[in-house]
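Okay, here's what each chain looks like letter by letter:
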Amino acid sequence: MSATLGTLLSELEPTWKIAIFERLGDVARESSDPWNNAGTGHAALCELNYTPERPDGTIDITNAVKVNEQFQVSRQFWSFLVSQGLLPEPSRFINPVPHMSFVWGADNVTYLKKRYEALKDHPLFAGLEYSEDASVIRSWAPMLIAGRRKDQPIAATRIPAGTDVDFGSLTHRLIDGLVARGATLKLNHRVTALRHSKKSELWRLKVRHEVGSTPVDYSARFVFVGAGGYALNLLQKSGIREIRGYGGFPISGEFLRTDDPAVVARHAAKVYGKAAVGSPPMSVPHLDTRMVGGQASLLFGPYAGFSPKFLKSGSWWDIFASIRPHNLITIIGAGLTNLSLVVYLVKELLATSSAKFRALQAFAPRAERKDWYQITAGQRVQIMKRDDKGKPIIQFGTEVVAGANGSIAGLLGASPGASTAVPIMLDVLAKCFPDRIDGWRPQLEEMIPSYGATLSSNTSTARSTIGRTAKVLQISA
Ligand SMILES: Cc1cc2nc3c(=O)[nH]c(=O)nc-3n(C[C@H](O)[C@H](O)[C@H](O)COP(=O)(O)OP(=O)(O)OC[C@H]3O[C@@H](n4cnc5c(N)ncnc54)[C@H](O)[C@@H]3O)c2cc1C
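Everything quoted here is computed from the prediction, not taken from an experiment.

1. Re the overall build of the protein chain
- Each helix and strand in the protein chain was counted, giving 14 helices and 20 strands.
- Overall size of the protein chain, expressed as C-alpha extent along the three principal axes, is 75 × 50 × 45 Å.
- Out of the 477 residues in the protein chain, the part that is buried amounts to 55%.
- Long-range pairs, those at least 24 residues apart, make up 72% of the contacts in the protein chain with a sequence separation of at least 6.

Written out as structure tokens, the structure is:
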């Protein structure tokens, strides 16, 4: 997120000085590391959590269209950077991998058929295919069919235009570009405190060098708190009124992974199933082809769990350290109104490794345990807050929290995540630089031709934009 914002700002205001502080020895070692997330270019093509069924049985595609629009914004910005030589050859961070939905059971088949009908003529979902025929599905993804009971009703959708994104590689390339253009990168530097001085109108940052614990002070006119799971804590330390009442609910995760070339060769898709009842929306199980460092692997999961840490490399005390008098009631209330989520996470935590493997075999019946090993994913800190009616909720999305004078902003929440980094950072620009955003418009339109408009409203613009970015990024249209 910080790398994206820095890159946008360096294009818009090349004379501004940018300093980046990272507490670890390298960037992108937390959620943006390729093995800490699933690397989906989330465009809601086949992820079923974005298309819930309404009580009347119709399918609500609002969220899917929104997420797809957001991903098209990211694609346009990445294409601009590639065409300017500011990002290297695209295959180092984005690769074409077809996306699929796969379901079993009569009710789920009916749902998927309705979802397909609701999306197939939409310009952002062009090319979506549907089948209930095992031989067709086998031709798309053989592992799903081999060993499956013949009498089981099954259905799948497929779209070749899906992507796998190595957000770790993308982050490294963006940061390299920023440093080459004059930004300062301070690794092993942890921001420990920040305060706004009314007199100088500057933020004073206290930073500690993790090697030797040397304290150093910095000043800045504008601060972006792109600290992932630690953003809540730093925004609380900043003392801004706007963060009052927010809490964080950490969800941990595990994946199963195989790098065995014989197994990997049998699957080339990202396949999304249906989430279990009561599970959080982002725990939709999926069987994924991953492309990291030029090597293909397979990933299955996520298996959700609970850990009080707000970062994978965080502290067991993180959740307790986030509690303040102003968020205590919200945290308790949100916990009590989401007991089904708590029960789900406890069940996931208690699940045996055999039970977990059976979840993979429900997708790929012939999967063998010896081929797969477990890896720990990144932490997702979900937002706890009060909704418009004052009810405490857990929100499964992201939210930019900006200080009233626009001199500080931070990002809370986790989903849809890195795929939508560009539109989220455009939101930061609009919130924090209201007096400049109109002046930046011509440059923003050059970088992101659809800036300020939606693609869905114009089929031919949607088609040409998707075609152009696919060509530049060397992915399927
Ligand atoms: C299991 C899982 C699966 C996911 N799958 C997907 C997916 O398929 N597609 C997708 O688009 N998104 C996905 N996401 C979400 C995506 O990974 C995140 O939205 C994105 O990586 C967040 O980027 P970030 O820069 O905000 O945070 P991070 O990548 O976590 O970076 C924050 C950085 O801040 C540093 N930091 C923290 N505190 C301090 C401090 N005090 N001082 C200095 N540095 C500090 C950290 O060390 C870290 O390097 C997934 C996430 C998880 C956990």
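2. Focus on the sheet that holds strand 8 (residues 189-197)
- What the 3 strands build is an open sheet, ordered 8-9-10; its pairing is antiparallel. On the outer flanks of this sheet lie strand 8 and strand 10 (215-220), each paired with one strand and no other. Adjacent strand axes in the sheet meet at a mean angle of 25°, parallel and antiparallel pairs treated alike.
- In this sheet, strand 9 (residues 202-209) lies alongside strand 8 in antiparallel orientation, the contact comprising 8 bridges. Residue pairing for strand 9: Val 191 is matched across the bridge by Val 207.

3. As for the packing of helix 1 (residues 2-12) against helix 12 (residues 421-432)
- Two numbers describe how helix 1 lies on helix 12: the axes approach to 9 Å, and their chain directions differ by 60°. Accordingly, the angle class assigned to the pair helix 1 and helix 12 is oblique. Taken as a pair, helix 1 and helix 12 cross one another with a handedness that is right-handed. Each of Thr 4, Leu 5, Leu 8, Leu 9 and Leu 12 in helix 1 lies in contact with helix 12, whose residues at this interface are Ala 421, Val 422, Met 425, Leu 426, Val 428 and Leu 429.
- Here the residues of the contact of helix 1 with helix 12 sort into 10 nonpolar, 1 polar and no charged.

4. Re the side chain of His 286
- Looking at the secondary structure, you find His 286 in strand 14 (residues 286-292).
- Of the polar contacts made by the side chain of His 286, one reaches the side chain of Asp 288; its length is 3.0 Å.
- Once residues lying within four places of it in the same chain are set aside, the contact partners of His 286 are Ala 38, Phe 255, Val 271, Tyr 272, Leu 299, Phe 300, Gly 301 and Pro 302.

5. Some details on the site of the ligand
- Looking at the ligand, there are 33 residues lining it, with Glu 22, Ser 32, Thr 40, Val 191 and Ser 419 nearest.
- Taking Ser 32, its side chain carries an N or O atom lying 2.6 Å from an oxygen atom of the ligand.
- A distance of 3.4 Å is found between an oxygen atom of the ligand and a backbone nitrogen or oxygen belonging to Ala 414.
- Contact with the protein chains hides 93% of the accessible area of the ligand, taken as 1,000 Å² for the molecule alone.
- Among the elements of the structure, strand 1 (19-22) and strand 8 are those that each provide at least two residues to the shell around the ligand.
- Sort the elements by how many residues they give to the shell around the ligand and strand 8 lands first, with 3 residues.
- The residue makeup of the shell around the ligand, split by class, is 14 nonpolar, 14 polar and 5 charged.

6. Examining the sheet that holds strand 19 (residues 398-402)
- The strand order 11-20-19 describes an open sheet built from 3 strands, whose pairing is mixed. The sheet is open, and its two edges are formed by strand 11 (223-225) and strand 19, each paired on a single side. Mean inter-strand twist for the sheet, computed between neighbouring axes without regard to direction, equals 15°.
- Here strand 11 pairs with strand 20 (residues 408-413) via 3 bridges, running parallel.

7. Here we look at the nonpolar core
- Judged by nonpolar contacts, the single largest core of 77 residues is most densely connected at Phe 77, Trp 78, Val 428, Leu 429 and Leu 444.
- The dominant element in this core, judged by the number of residues it contributes, is helix 2 (residues 62-83), at 10 residues.
- For Leu 429, the residues in contact, after removing those within four places along its chain, are Leu 5, Leu 8, Leu 9, Leu 12, Pro 434, Ile 437 and Trp 440.
- Membership of the second largest hydrophobic core comes to 25 residues, among which are Met 100, Ile 137, Ile 154 and Leu 287.

8. Topic: the side chain of Thr 4
- Along the polypeptide, Thr 4 turns up in helix 1.
- According to the relative accessible area criterion, Thr 4 is buried, its value standing at 7%.
- Not counting the four nearest positions on each side in its chain, Thr 4 is found in contact with Leu 174, Ala 421, Val 422 and Met 425.

9. Comments concerning the environment of Arg 173
- Inspection of the secondary structure assignment puts Arg 173 in helix 5 (residues 167-180).
- Using a relative accessible area of 23% as the deciding quantity, one classes Arg 173 as partly exposed.
- With 87 residues separating them along the chain, Arg 173 and Leu 86 place their C-alpha atoms 8.4 Å apart.
- Once you skip the residues sitting within four places of it in the chain, Arg 173 turns out to touch Leu 87, Pro 88 and Arg 92.

The rules behind each value
- Residues numbered from 1 in each chain as written.
- Predicted model: local features only at pLDDT ≥ 70, side-chain atom pairs only at ≥ 80, totals over all residues.
- Heavy atoms only, no water.
- Helix = DSSP H or I, 4+ residues; strand = E, 2+ residues; numbered from the N terminus.
- Buried < 20%, exposed > 50% of the residue type's maximum accessible area, 1.4 Å probe, protein only.
- Contact = heavy atoms within 4.5 Å.
- Pairing = 2+ DSSP bridges.
- Axes fitted to C-alpha atoms, helices over the stretch in contact; angles between N-to-C directions.
- Parallel < 35°, antiparallel > 145°, perpendicular 65-115°, else oblique.
- Left-handed = near helix turned anticlockwise from the far one by under 90°.
- Nonpolar A, V, L, I, M, F, W, Y, C, P; charged D, E, K, R; others polar.
- Polar contact = N/O pair within 3.5 Å; in protein donor to acceptor, adjacent residues only side chain to side chain.
- Near = heavy atom within 4 Å.
- Areas by Shrake-Rupley, 256 points an atom, 1.4 Å probe, with all protein chains shown as cover.
- Core = buried A, V, L, I, M, F, W, Y, C linked by side-chain atoms within 4.5 Å.

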